[in-house]
Amino acid sequence: MLKSTHNRYFSNDDRYPVDPISGERPIRLKYNAGGTWIESRSDKYIPCYNPSTGAIIAYAPECTSEEVEHTIRAAVAAYPEWSNTPVSKRVQVLFRMKALIDKHLDELTHLCAMEEGKKWEEAMGDVLKVNEVVEYACGAPHIMKGEALMNVSTGYDTTRYNHPVGVFVGISPWNFPAMIPHGWMAPICIATGNTMVLKPANFVPQSSMRLLELWQEAGLPDGVLNVITANPPEAEIFLHHPDIKGISFVGSTRVGAHIYATAAKNGKRVQALTSAKNHALVLRDCNVERTVRSIVNAFCGCAGERCMALPVIVVENAIADQLIAALKRNVSQIKLGPAYDKSTGMGPVVNKGHQEFVLNWIETGIKEGAKLIVDGRKPEVASGCEKGYFIGPTIFDHVTEDMSVGREEVFGPVLCIKRVNSFEEGLNIMNASRYANGSIIYTQNGYYARTFAKETHGGMVGINVGIPVPVGIFGFTGHKQSFFGDLHVMGRDGFIFYTESKNVTSTWFPKDMTEHRNVDTWDGTMATIKS
């Protein structure tokens, strides 16, 4: 790691008092435009917490409108040279970035765990998912290739080229501070020759900032990738700015719908990945013990703070009591503690505000009449974590369709159990959701598995797989109110989103051409014309 803080993403600032919990002084974060880390002129900074302890670890700037404009100008200025750099040279930067992530994996894992609250192996996965897409984007010389056909009409040839588009903006959430901005957004964008401004979540920005330092170390030219923290009024500039060609967003349905409508109205490409309420259908023939482990991992992993978490299971009555007994035994063994302790079974939620949000949802479930069978509101935590933001595994039984706790996104370690009598009843309940990210079935019956895969509305389907997130070569395919746009992140869609096609049709004449044919309406671009 670089030792000097002169041109780093943070500075050590004596104006901040030593935090009473950690005994350390918080750092002051910067923004990056044109390859330089800059102290914001804003007089508004927000605290960033270590959710495992409640200590303040940094202050992030609420950057000004002019500073947002500064990052856009930097990306615009870098675009001509970067877009004209041969793709084979562009991906050399990505190859070096992959090596740097491997080299700094433990450091990046610790930073992610400390600022977001994922336990160690989850935080490491957050970082490794960056490399998964970096590696895929290294295939840009092949994937960007167009297509050609000689003699589409007599003497005429057509070739299709794929070109970069311009400046894009990535607006990322707090729950995956490495994977989403630097995996889902940046690699394919820059590999295809575009430039980008990243706006990470204000209170979890350090992983994104540190990864930009590594991009710079990998040789990414100044201004190709820029990072800024800003509030919604300032971020709104991106949706209207004429130099921004597209927006990639991950967050809530409410915000995503606004971004999609506003940016698309202004002629921009948009992919907006939004909220979810994933369901799993558990049939009576499932392998109970294996299914229970999968369900617990899916609803407790990352403390439930992921759009592919499993907050609802729809269980056949014939197996419900047996399954619930096994669930209760399993979650009782989960140890809550600091995210960066490798022995921790589940880390905290991201901050105090989100802790209160999830706790309020638990209260709502109780008021709506759901049966609380595992209560995680006052969990036992490891020593030193008493002021951290912890919620233990929580399970509701007998959740019905009129209860909002079973319909809306809670984004915490809360599982709702809905009981049904048949496969058909369960599938109908699942398809009634306004969201359609993940959809899972647990069964040993091939007929039901195949029918489910065909009929479910979910865009990512798991058959005995609790978190059916495809690897980066396939893309992340949510539907309904879980996605706004036409082209998804990663996979082939990702390359199409960040490029535009150009078809070139040509014909050539011999030097000694003496015959002068008439030029018809189609000028040779129709393969067959009847006389």
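The structure reproduced in this document is the subject of the present report. The model shown is predicted, which means the values in this text are computed figures rather than measured ones.

A word on the pattern of salt bridges
Next, step 1: Tallying each qualifying case throughout the model produces 24 salt bridges.
Next, step 2: Ionic pairing is found between lysine 119 and glutamate 121, a salt bridge with its closest N-O pair at 3.8 Å.
Next, step 3: For lysine 119, a relative accessible area of 15% gives the class buried.
Next, step 4: We note a salt bridge from glutamate 455 to lysine 454, for which the minimum N-O separation is 3.2 Å.
Next, step 5: Residue classification places glutamate 455 among the partly exposed residues on the basis of a relative accessible area of 36%.

Concerning the packing of helix H2 (residues 87–103) against helix H7 (residues 206–217)
Next, step 1: Packing of H2 against H7 leaves a shortest axis separation of 8 Å and a crossing angle of 130°. Of the possible angle classes, the one that applies to H2 and H7 is oblique. The crossing of H2 and H7 is right-handed. Counting all contacts with H2, which are made through Val93, Leu94, Met97, Leu100 and Ile101, the residues of H7 involved are Leu211, Leu214, Trp215 and Glu217.

Re the state of the cysteines
Next, step 1: This model, assessed by the stated rule, comprises zero disulfides.
Next, step 2: The cysteine cysteine 112 is free of any disulfide, with cysteine 302 supplying the nearest cysteine sulfur at 8.7 Å.
Next, step 3: Residue cysteine 112 is classed as buried on the basis of its relative accessible area of 0%.
Next, step 4: Sulfur of cysteine 138: no disulfide; nearest cysteine sulfur belongs to cysteine 189 and is 15 Å away.
Next, step 5: Among the residues examined, cysteine 138 registers a relative accessible area of 12% and is labelled buried.

Concerning the nonpolar core
The tendency in soluble globular proteins is for nonpolar side chains to be buried side by side.
Next, step 1: Counting residues in hydrophobic clusters, the biggest one holds 71 residues, and the most contacted among them are Leu29, Trp184, Met196, Trp215 and Phe476.
Next, step 2: In this view, leucine 29 contacts Tyr9, Phe10, Tyr45, Cys48, Ala58, Tyr59, Ala60, Pro61, Pro205, Gln206 and Met209; residues no more than four positions away in its chain are not counted.
Next, step 3: If you look at the next biggest cluster of nonpolar residues, it comprises 57 residues, including Val288, Cys300, Leu323 and Phe423.

So, the side chain of asparagine 131
Next, step 1: Mapped onto the elements of the fold, asparagine 131 is located in helix H4 (residues 120–137).
Next, step 2: Since its relative accessible area comes to 3%, asparagine 131 is described here as buried.
Next, step 3: With near-sequence residues (within four places) excluded, asparagine 131 lies in contact with Met97, Lys98, Ile101 and Asp102.

Here we look at the side chain of lysine 418
Next, step 1: Mapping lysine 418 onto the fold places it in strand S18 (residues 414–420).
Next, step 2: Of note is the side chain of lysine 418, whose polar atom sits 3.1 Å from the side chain of histidine 279.
Next, step 3: In terms of polar contacts, lysine 418 uses its side chain to reach the side chain of glutamate 401, at 2.6 Å.

Remarks on helix H9 (residues 253–265)
Next, step 1: Its 13 residues give H9 an end-to-end C-alpha distance of 18 Å, which sits within 8% of 18 Å, the value for a rise of 1.5 Å per residue.
Next, step 2: Of the surrounding secondary structure, the elements contacted by the buried residues of H9 are strand S9 (167–171), helix H8 (232–240), strand S12 (244–250), strand S13 (269–273), strand S19 (435–436) and strand S23 (483–485).
Next, step 3: Note on H9: the residue one or two positions beyond its end, glycine 267, has a positive phi of about 80°.

Quick look at the environment of methionine 513
Next, step 1: Note that methionine 513 resides in the segment after strand S24 (499–507).
Next, step 2: The class of methionine 513 is partly exposed, set by a relative accessible area of 37%.

Describing the sheet that holds strand S8 (residues 156–164)
Next, step 1: Spatially, three strands are ordered S7-S8-S24 in an open sheet, and the strand pairing comes out antiparallel. In this open sheet, the two edge strands, each paired with only one partner strand, are strand S7 (147–153) and S24. Neighbour-to-neighbour, the strand axes of the sheet open up by a mean angle of 25°, direction not taken into account.
Next, step 2: In this sheet, S8 lies alongside S7 in antiparallel orientation, the contact comprising four bridges.

Thresholds, definitions, all that
Residues numbered from 1 in each chain as written. Predicted model: local features only at pLDDT ≥ 70, side-chain atom pairs only at ≥ 80, totals over all residues. Heavy atoms only, no water. Salt bridge = Lys/Arg side-chain N within 4 Å of Asp/Glu carboxyl O. Buried < 20%, exposed > 50% of the residue type's maximum accessible area, 1.4 Å probe, protein only. Axes fitted to C-alpha atoms, helices over the stretch in contact; angles between N-to-C directions. Helix = DSSP H or I, 4+ residues; strand = E, 2+ residues; numbered from the N terminus. Parallel < 35°, antiparallel > 145°, perpendicular 65-115°, else oblique. Left-handed = near helix turned anticlockwise from the far one by under 90°. Contact = heavy atoms within 4.5 Å. Disulfide = S-S within 2.5 Å. Core = buried A, V, L, I, M, F, W, Y, C linked by side-chain atoms within 4.5 Å. Polar contact = N/O pair within 3.5 Å; in protein donor to acceptor, adjacent residues only side chain to side chain. Expected span 1.5 Å × (residues − 1). Pairing = 2+ DSSP bridges.

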